[in-house]
Amino acid sequence: MDIGGAYGGGKAGGAFDPIAFVQRPIVILRAVCWLFAIIVFGCISSEGWREESNGKEYCIINRDGNACNYAVGIGVIAFLASMGFIAGEYLFEQMSSVKTRKHYVLADLGFSAFWSFLFFIGFCYLTNQWGKADDPPNGEGVNNVQASIVFSFFSIFTWAGCAYFAFLRFKAGVDPSFSSTYESDPSAAQQYSAYPASNDNDQFQEAPFSGQQQQQQQQQRGTVQVSASSEIRPK
């Protein structure tokens, strides 16, 4: 697994290579989880239930309906989650926000670890109930139940592997050379600063005149005053 950029992914906006994508270990492991989930819930759904003479259905795993429902439940959710995480792997490289990548990695880590634990509980539960169950008539459904138990055991390790890859991503963190987006880069908000608000008390100051210019102005003012006084003097 390549570790670099931000949480194990490179910069957003790169070209998508489908061959390189399907060859990534995490994508292969997700596909294996998806396949195992189909086997777990498919085998129980197809051959795990029998119908009695009165029309009621019962689970062939020691007549414990909870055992069949549990296997189908965790299998269906694992099936949907596997497809969702495969789509997430495709979108991961397109996530330009560091926070979004971090949230995805944490969700992946938490869900994968939790579902590995649920498959461990399911394996122990199904194995215990199957050991107490009577042999079904004509051995119908035996292979299906055994396959569901076996692949529940395998799913423990595949989902734990997904959690391990997510932990590596979280541990890798953000490479200092990774260029974040406007959302995650605090300096980007300061790229375009507004002009400071004008203060009403601020006044424009004219450039001072030179000494010669001031003398000329004073002489012109004196001449104007003398002319004005001579005009208003009575004759």
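Reading the values: the criteria
- Residues numbered from 1 in each chain as written.
- Predicted model: local features only at pLDDT ≥ 70, side-chain atom pairs only at ≥ 80, totals over all residues.
- Heavy atoms only, no water.
- Patch = residues over 30% accessible without salt bridge, like charges linked within 9 Å, V, L, I, M, F, W, Y side chains within 5 Å.
- Areas by Shrake-Rupley, 256 points an atom, 1.4 Å probe, with all protein chains shown as cover.
- Salt bridge = Lys/Arg side-chain N within 4 Å of Asp/Glu carboxyl O.
- Helix = DSSP H or I, 4+ residues; strand = E, 2+ residues; numbered from the N terminus.
- Buried < 20%, exposed > 50% of the residue type's maximum accessible area, 1.4 Å probe, protein only.
- 1 Å grid on protein atoms, 1.4 Å probe; cavity = no way out; pocket = protein on both sides within 12 Å on 5 of 7 lines; lining within 4 Å.
- Points joined across faces, edges and corners; volume = space filled by probe spheres on them.
- Nonpolar A, V, L, I, M, F, W, Y, C, P; charged D, E, K, R; others polar.
- Phe/Tyr/Trp six-rings, centres within 6.5 Å; stacked < 30°, edge-to-face > 60°.
- Lys NZ or Arg CZ within 6 Å of the ring centre and 35° of its normal.

Let's talk about a nonpolar patch on the surface
Together, Trp-34, Leu-35, Val-76, Leu-80 and Met-83 make up an exposed nonpolar region whose accessible area comes to about 410 Å². When residues of the nonpolar patch are assigned to their parent elements, the largest contribution, 3 residues, is made by helix H3 (residues 65–92). In this fold, Leu-80 is placed in helix H3. Note on Leu-80: relative accessible area 49%, which makes it partly exposed.

What about the pattern of salt bridges?
Scanning all chains against the criterion turns up 6 salt bridges. Across the pair Glu-89 and Arg-24 runs a salt bridge whose closest N-O atoms are separated by 3.3 Å. Residue Glu-89 is located in helix H3, and its partner Arg-24 is located in the loop between helix H1 (18–22) and helix H2 (25–47); the two are separated by 65 residues in the primary sequence. Judged on exposure class, the residue Glu-89 and its partner Arg-24 are both buried. By sharing partners, the salt bridges in this structure join Arg-24, Glu-89 and Arg-169 into a single network.

Concerning the layout of surface pockets
Of the pockets and cavities examined, the second largest pocket occupies roughly 160 Å³. Together, Tyr-58, Cys-59, Ile-60, Asn-62, Arg-63, Lys-132, Ala-133, Asp-134, Asp-135, Pro-136 and Pro-137 line the second largest pocket. Split into classes, the residues belonging to the lining of the second largest pocket amount to 6 nonpolar, 1 polar and 4 charged.

So, the packing of aromatic side chains
Pairs of aromatic rings are described using the distance from one ring centre to the other and the angle between the two planes. Inspection of every chain in the model, using the stated rule, returns 17 aromatic pairs. Considering the side-chain rings of Phe-41 and Phe-79, the 5.9 Å spacing of their centres and the 65° angle between planes classify their relative orientation as edge-to-face. Remark: Phe-79 occurs in helix H3 and Phe-41 occurs in helix H2; sequence separation between them is 38 residues. Side by side, Phe-41 and Phe-79 carry an identical accessibility label, which is buried. Clustering of aromatic rings is evident, with ring pairs tying together Phe-85, Phe-92, Tyr-104, Phe-111, Phe-114, Trp-115 and Trp-159. Here the basic side chain of Arg-30 rests over the ring of Phe-85, its NZ or CZ set 4.2 Å away from the ring centre. Lying over the aromatic face of Phe-92, Arg-169 brings its terminal NZ or CZ to 4.4 Å of the ring centre.

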